[in-house]
Amino acid sequence: MRKISIVILITLLGLSVGLPHRFGLTVGLPASQAQSEWQSTPGVKPPFLTSRLRISDGLEPHLRAVDSDAAHWPEWRGPYRNGMARGDAPTSWSNTKNIKWKTEIPGRGFSTPVIWGDKVFLTTAVQTGKTPEAIQTSTSTSQAAAAPVTGGLTAAPSNSAPTPTASPSGAPNTAAPPTGAPSAGAETPGRGGRQGGQRGPGGGVGAQIEHKFLLICLDRKTGKVIWQKTARIATPHEGYHRTYGSFASNSPITDGKYLYVSFGSRGIYCYDLNGKLIWEKDLGVQMRMRLQFGEGSAPALDNNRVFLTFDHENGSFFVALDKRTGKELWRAERDEPSSWSTPLVIEHSGRGQVVVAATRKVRSYDVETGKLIWECAGLGSNVISAPVYLDGVVFVMSGHRDPKLMAIKLGKEGDLSGTDAVLWSQTRGLSYTLSPVLHEGKLYVVTDSGQVSSFNVTTGEPYYHQVRLPKPYNFKASPVGANGKLYLASEEGDVIVLKLGEQFEVVATNTLEDQMFIASPVIADGQLFLRSKNSLYCISGS
């Protein structure tokens with residue numbers, strides 16, 4: 001019997017060595033996690049889908065996806081939470097070439113779409129047509145619909161709504177960032193429709209006008225609307241940045257079974273992928289953002305928890321909810337002004353933690369208890385860029401006043417400020433609103449004005465630094481990468497494709513006329529999805 005067992009073991013080892021790479025089993029994980037993290041051929045349904053959404057140590061980035069199918073883009077920064085996609089993406093298109101479909105989106109809201117299989121999900125906010133004067137004289141019923149519900153969980157209301165029309169309803173000729181990004185200084189005219197002649201902070205647009213807050217599901221193959229749900233009808237208490245803000249800037253997130261949609265001060269909603277409302281929760285907060293730049297931090301997921309950041313000018317906090325019911329699990333009060341950075345869930349030395357970057361300190365909380373594990377000061381103001389993680393090191397960045405990029409080594413607890421836990425830092429060539437891309441030991445950073453840098457993640461030294469693109473550009477969309485290429489979607493309607501690596505090289509420049517890209521690109525199943533001011537494009541190389 002023992003000999004038979006040895007023979008079987010040797011046979012299994014031999015088979016595992018001979019497996020094609022696309023079916024290589026992830027190693028170095030607990031058995032309960034490993035069984036759900038097979039890689040698969042694009043278009044082929046994997047044998048398991050992961051339910052564990054942590055990034056673990058000791059694995060190459062290509063083995064860290066939170067799902068195992070190239071057809072999925074489950075959250076704002078993609079399947080690896082670092083801006084990298086599975087598979088390839090097109091490199092050539094125009095208004096008349098390689099456009100698989102184009103669908104106009106009603107209202108205003110440039111949250112980045114998420115994709116699961118053949119469904120694309122995005123949010124928007126549509127004016128109901130009621131003016132501030134009409135709202136002031138409306139009935140008490142209308143006022144009640146606009147007021148926050150402070151009682152926590154509520155029953156699922158009727159969610160039926162008409163499908164989007166070909167012409168957007170109530171959409172100003174401006175755009176909104178996927179992360180609620182603010183802007184400082186003047187805006188200049190651009191081919192893509194940037195508003196010119198407007199100087200100053202630019203906040204406070206759209207307040208006291210009633211909106212419908214919508215979740216829309218599209219067919220990935222055709223672009224047709226499958227369903228649309230009205231999460232809430234409300235009158236926002238304050239506005240957003242005239243060019244880069246909206247009331248639907250928080251990108252949704254999915255675990256493949258449910259979709260979690262945050263409208264910030266207007267609540268968070270959980271739907272199944274067929275549009276059935278599972279639960280909703282109003283956290284009883286009306287955020288007061290700096291200069292009314294607008295809200296925009298996306299949620300994060302881990303196992304059975306959903307995390308949300310509420311950093312603003314009047315009582316900031318970080319909260320964990322039970323993703324199955326919406327019940328509040330824990331809340332951490334925060335001494336922070338406004339920030340827009342999306343939290344990052346990781347696992348280090350067997351302990352789950354969620355990292356939140358902000359102005360005063362970067363903080364990491366225990367995912368189960370909310371206990372503060374470590375904190376580190378050093379970033380500048382108006383933190384927007386999302387953290388990324390690799391092999392025990394967290395990379396955080398700010399680009400407003402006192403900009404800084406820091407590499408923070410994990411393993412210690414308490415205040416890490418000014419200690420050797422900060423491996424290195426950079427202060428030049430950093431992004432204000434864009435998040436970086438992390439790939440094969442290189443951190444790619446693009447400034448809002450179009451300077452590109454590639455940093456060695458171990459030393460912080462640049463392979464190339466502050467290299468300008470062939471022509472002047474402005475950026476609010478974060479870059480994404482796929483198959484050795486980096487995609488930069490500009491406000492001017494161009495998408496510049498660079499080569500990933502140690503040398504700066506432009507692969508292609510593609511233009512969609514009269515468009516402006518603020519939402520980040522999405523790559524799924526070999527296709528590129530671009531959300532402009534009023535439309536969503538699907539670009540296919542075939």
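These figures come from a predicted structure and were not determined experimentally.

Conventions we followed
Residues numbered from 1 in each chain as written. Predicted model: local features only at pLDDT ≥ 70, side-chain atom pairs only at ≥ 80, totals over all residues. Heavy atoms only, no water. Helix = DSSP H or I, 4+ residues; strand = E, 2+ residues; numbered from the N terminus. Buried < 20%, exposed > 50% of the residue type's maximum accessible area, 1.4 Å probe, protein only. Contact = heavy atoms within 4.5 Å. Pairing = 2+ DSSP bridges. Axes fitted to C-alpha atoms, helices over the stretch in contact; angles between N-to-C directions. Salt bridge = Lys/Arg side-chain N within 4 Å of Asp/Glu carboxyl O.

**Student:** What am I meant to see in the overall build of the protein here?
**Tutor:** For the protein, the helix and strand inventory stands at four helices and 34 strands. When burial is assessed residue by residue, the protein has 60% of its 542 residues classed as buried. In the protein, once contacts between residues fewer than 6 apart in sequence are set aside, the share between residues at least 24 apart is 61%.

**Student:** Would you mind showing me how to read the sheet that holds strand E33 (residues 527–531) here?
**Tutor:** Each strand in a sheet pairs with its neighbour through backbone hydrogen bonds, running either in the same direction (parallel) or in the opposite one (antiparallel). Pairing is antiparallel in the open sheet, where four strands are placed in the order E1-E34-E33-E32. At either end of the open sheet lies a strand with only one pairing partner, and these are strand E1 (99–104) and strand E32 (522–524). Taken pair by pair, the neighbouring strands of this sheet meet at an average axis angle of 20°, ignoring direction. Where E32 lies against E33, three bridges are found, and the strand directions are antiparallel. From the neighbouring strand, Ala524 faces E33, where its bridge partner is Gln527.

**Student:** Can you help me understand the side chain of Asp366 in this one?
**Tutor:** Topologically, Asp366 is positioned in strand E17 (residues 362–366). You can call Asp366 buried: its relative accessible area is 9%. Sequence-distant contacts of Asp366, defined by excluding residues within four places in its chain, comprise Trp330, Arg351, Gly352, Lys371 and Ile373.

**Student:** What exactly am I supposed to notice about the pattern of salt bridges here?
**Tutor:** A side chain with one charge may pair with a side chain of the opposite charge, provided their charged atoms come close. Applying the stated criterion to the full structure yields 23 salt bridges. A salt bridge links Arg288 to Glu238; its shortest N-O distance comes to 3.8 Å. Here Arg288, found in the loop between strand E10 (277–282) and strand E11 (300–302), pairs with Glu238, found in the loop between strand E6 (225–234) and strand E7 (253–254); they are 50 residues apart in sequence, far enough to count as distant. Glu238 sits in the buried class, given a relative accessible area of 7%. A salt bridge links Arg324 to Asp322, with the nearest nitrogen and oxygen atoms 3.0 Å apart. When salt bridges with common partners are traced through the structure, they connect Glu336, Lys361, Arg363, Glu375 and Asp415 into a single cluster.

Function cannot be inferred from these measures alone, as they are strictly geometric.
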